[in-house]
Amino acid sequence: MNNEIALLAQFLESLGPEVSGHSASPLTAEQAERIRLFAAGELGPAEREELLPSILENETALHTLVKTLQAQA
């Protein structure tokens, strides 16, 4: 699972400014917590599949995920 997270972090970092144009909506406390759980590998496969599209569609969520992953490294 850690390898998957590292690969995802590398992919997201490579997106850089090209993700702009996506929504940059602020995150709720619940969304931020789910991203933290995702980054920690504490979500099951179905929960990850459900969460990932909303992360990829929201620039704020992407940045939150990348920062969370970097803090764990």
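Residues numbered from 1 in each chain as written. Predicted model: local features only at pLDDT ≥ 70, side-chain atom pairs only at ≥ 80, totals over all residues. Heavy atoms only, no water.

Chemist: Can you tell me about the nonpolar core, naming the residues and giving the values?
Modeler: Membership of the largest hydrophobic core comes to 14 residues, with the highest contact counts inside it found for Ile35, Phe38, Leu43, Leu51, Ile55, Leu65 and Leu69. Contributions of two or more residues to this core are made by α1 (2-15), α2 (29-39), α3 (45-56) and α4 (59-72). The contacts of Leu69, once residues within four sequence positions are left out, are Ile5, Ala9 and Ala39. (Core = buried A, V, L, I, M, F, W, Y, C linked by side-chain atoms within 4.5 Å. Buried < 20%, exposed > 50% of the residue type's maximum accessible area, 1.4 Å probe, protein only. Helix = DSSP H or I, 4+ residues; strand = E, 2+ residues; numbered from the N terminus. Contact = heavy atoms within 4.5 Å.)

Chemist: Can you explain the confidence of the model for the chain? Please cite residues and give values.
Modeler: Segments scoring low in pLDDT should not have their predicted coordinates read at a detailed level. In this model, the chain carries an average pLDDT of 82, and 82% of its residues clear a pLDDT of 70 or more. Mean pLDDT across the elements of the chain bottoms out in α1 (70) and peaks in α2 (95). (pLDDT = per-residue confidence, 0-100.)

Chemist: Please set out the environment of Lys67 residue by residue, giving values where relevant.
Modeler: Assignment of secondary structure puts Lys67 in helix α4. The class for Lys67 is exposed, based on a relative accessible area of 59%. Separated by 31 residues in sequence, Lys67 and Arg36 place their C-alpha atoms 9.9 Å apart.

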